[in-house]
Amino acid sequence: MEVQIRMWNKDLPTLISPWIPILLGLHMHFSWATTCPEECRCDRTFVYCNERSLTSVPLGLGEGYKTLYLHNNQINNAGFPLEMHNVASVETVYLYGNQLDEFPVNLPKNVRVLHLQENNIQTVSRAALAQLLRLEELYLDDNSISTVGVEEGAFREAISLKTLFLTKNHLSSVPIGLPEELRELRLDENRIAFIAEDAFENVTGLELLLLDGNLLVDEGITPGALQTLVNLKTLSLARNSLTVPPPNLPSEFLVKLNLQDNQMNEIPLTAFHGLHRLERLDISNNQLQSLTQGVFDGLHGLRQLTVRNNLWLCDCDIKWVILWLKSLPATLNVRGFMCQKPERVRGMVIRELTLELIQCPNSTATVPQPTLLSSSTAESATQTAFTPAHSRPTPNPPRLTVPPPTISKDGEQRTNGPVGPMQESLRVSFVVLNGSCIQVSWVTTFTVTAYKVTWVKLGHSLITGPMQESLVQGEREGITLTNLEPKSTYRICVDPLDAFNNYHPGDDTICSEVTTKSASFHSGDNATGPEQATQQDPSSPFLLAGLIGGAVLVVLVVLLSIFCWHMHKKGRSESSKWKYSRGRRKDDYCEAGTKKDNSILEMTETSFQIVSLNNEQLLKGDFRIQPIYTPNGGVGFTDSQRRNNSTAYCKNSVPESDTCHK
């Protein structure tokens, strides 16, 4: 006996050791389950208490959970128990969409990410943020925080804060006392009108600053306010009221600068001085008409420049922009340079302008007297002549221009073409074939590698599409422009290219304005080509489709009417028949006898009749039908023989003394 006890004592640790991890796991599982609040649902490290109409934070939250969802409830500032501050495991809290009017206290002490958007928070105290020493991301968007509602130095109490969102609040200035570790600050959609000199003092690590949609003017930004942000990479000042870029921009690491949707009418030559690492610049939607030459020279790292929706004036001052755009490398993407004035070049891309289209008041170029071209055909044609620079005998030939079109007596459109030197080497004609096609053809006496043909629609407003272009091989003598709009004026230019596919704007370009014809023609009009003779009314396919669709709709309506009439007639005929049907439901009829009976009682809706099954004459005698309802709802039947050969059914549960009466 003693030996057995010693053996059990020796093997006891070996037997218990495999069960220790299992027991610990069960203990932790049940302990966590018991610490989940009753109003919430817990899953691993997540506690879901959102959208439950809670007015306070539920009690009973234990350790082990990292993310707490409390958004879209009705929690107010009085609903934060003191015990919540002692929960050390929670790192992320979602409290947006509640009824908070102050920055809450008693939040978990180790929280790192806090979402408080879409509340009605008006004040932020130092004491509340002093409890959150590990807070890194704070989202206070869409609240009612004002400048006087933020206690001075309140955000500085959150010593670990790196991201601060204050979008859509009521701030009139930058909060005083920002944390030194701050990396991202969003102050857009506020009422900020003034940025003091020391607004960003000691915030040297800031990398992103958004000030969009405020009330900033030129005088509202002090000269040294932004200069201290030496590590700033992104600066956005869109949707303000600036007339010039702010001075002393941080130049060391700035990569992205947004100045769109302001009221800038000029950019000083030194506005972007020192921004060697700037990659993206947006100055669109301003009041700019011209740019000072060399304003972009220092931007060596620029990759994208957006200038659209400005009032670009394409006069003599825009020449340097044309040459600068043509010399840019492929790595730089420029968008939005389009002429707004004068009217004759409105809507044209500045890069595609030729120097002959630019009006310079002090120009010394001579313009020869234009002559009206004659035409022996009925076509509406435009012809111009030109001698390229590489085939001219004189070093300084006169500049040729294309005069505006005139209307001849017969109503056809013609254009006065320029006359070059003594011997013309290139002649271009523009023939309107119909409402959507223009034939461009040329004749040369010298060798041309290729031709570049560009065309754009002109009008009182901006063009609906970009300028189109096409390259034509040198051996071809023309091109047909298709898919044009009827009764529209197009400016068409032909550029002869040299052996290196280069062309010289203003020297080798022939341009003219041509108007297409109407889309439909009367039978009495003279045709100008085979295309016009076979042209059909563009509305005829739509008319044919409409007729076919209408016919199909009528046929469908007729068929549907016939079907409804047939079903209605069939239903009426069937309701008038009273015949025994094996397909009826059992509750639609009741038999009045056994299988030996000669009749069956069929009850349908509110009436019934007795129909013979074997076509024999019904037995004589009077029948009385008396329903008998049983107290227990039995379903069995017994035969109760009566005289006069009549039979009725009785329920099994009815006492034998209760007989069926005849």
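Sequence order as written defines residue numbering, which begins from 1 separately in each chain. In view of the model being predicted, local features appear only for residues whose pLDDT reaches at least 70, and side-chain atom pairs are presented and counted only at 80 or more, with totals across whole chains, interfaces and linings using the full set of residues. Hydrogens and waters are ignored; side-chain quantities use all the structure's heavy atoms.

J.: Sorry if this is basic, but what is going on with the side chain of Asn 240 here?
T.: One can find Asn 240 in the loop between strand E10 (234-236) and strand E11 (256-258). Its relative accessible area of 6% is what places Asn 240 among the buried residues. A 3.5 Å cut-off defines polar contacts: any pair of N or O atoms within that distance qualifies, except that in protein one atom must be a possible hydrogen donor and the other a possible acceptor, and neighbouring residues in sequence count only when both atoms are side-chain atoms. Reaching out from Asn 240, the side chain makes a polar contact with the backbone nitrogen of Asn 214 at a distance of 3.3 Å. A distance of 3.2 Å separates the side chain of Asn 240 from the backbone nitrogen of Leu 216, its partner in a polar contact. In this analysis, two residues are considered to be in contact whenever any of their non-hydrogen atoms come within 4.5 Å of each other. Apart from the residues within four sequence positions on either side, Asn 240 is in contact with Leu 211, Asp 212, Gly 213, Asn 214, Leu 215, Leu 216, Asp 261 and Asn 262. A run of DSSP states H or I qualifies as a helix once it reaches four residues; a run of E qualifies as a strand once it reaches two. Both are numbered from the N-terminal end. Under the scheme applied here, a residue whose accessible area is under 20% of the maximum for its type counts as buried, over 50% as exposed, and between as partly exposed, the area being computed with a 1.4 Å probe on protein chains only.

J.: Explanation requested: the confidence of the model for the protein in the structure shown.
T.: Caution applies to low-pLDDT regions: their predicted coordinates should not be interpreted in detail. For the protein, per-residue confidence averages 75 on the pLDDT scale, and 65% of positions sit at 70 or higher. Looking at any residue, its pLDDT shows the predictor's confidence there, from 0 to 100. Here residues 363-424 scores under 50 on pLDDT; set against residues more than four positions off or in separate chains, the count is 114 contacts. Scored below 50 in pLDDT, residues 615-620 shows 8 contacts in the model against residues more than four places distant or in partner chains.

J.: Help me understand the pattern of salt bridges, please; the structure alone is not making it clear to me.
T.: It is possible for side chains of opposite charge to pair when their charged atoms get near one another. The salt bridge definition used is simple: a Lys or Arg side-chain nitrogen within 4 Å of an Asp or Glu carboxyl oxygen. For the structure on display, the rule yields 10 salt bridges. Of the charged contacts in the structure, one is a salt bridge between Lys 452 and Glu 469, with a shortest N-O distance of 3.5 Å. Taken as a pair, Lys 452 in strand E20 (residues 450-458) and Glu 469 in strand E21 (residues 468-473) lie far apart in primary sequence, 17 residues in all. The class of Glu 469 is partly exposed, set by a relative accessible area of 47%. The salt bridge involving Glu 485 is made with Lys 457; its shortest N-O contact spans 2.4 Å. Within this pair, whereas Glu 485 is found in the loop between strand E22 (478-481) and strand E23 (489-497), its partner Lys 457 is found in strand E20, the two being separated by 28 residues in sequence. Using a relative accessible area of 24% as the deciding quantity, one classes Lys 457 as partly exposed.

J.: Teacher, can you tell me more about a positive patch on the surface here?
T.: Like charges within 9 Å and nonpolar side chains (Val, Leu, Ile, Met, Phe, Trp, Tyr) within 5 Å are joined into patches, using only residues over 30% in relative accessible area that form no salt bridge. A 1.4 Å probe and the Shrake-Rupley method give the accessible areas. Residues count as covered only by the protein chains that appear here. For this count, His and the chain ends are skipped, Lys and Arg are scored as positive, and Asp and Glu as negative. Throughout, a charge is located at the NZ atom of Lys, the CZ atom of Arg, the CG atom of Asp or the CD atom of Glu. Taken together, the side chains of Lys 256, Arg 280, Arg 308 and Arg 335 define a basic patch exposed on the protein surface. In this fold, Arg 308 is placed in the loop between strand E13 (304-306) and helix H4 (319-326).

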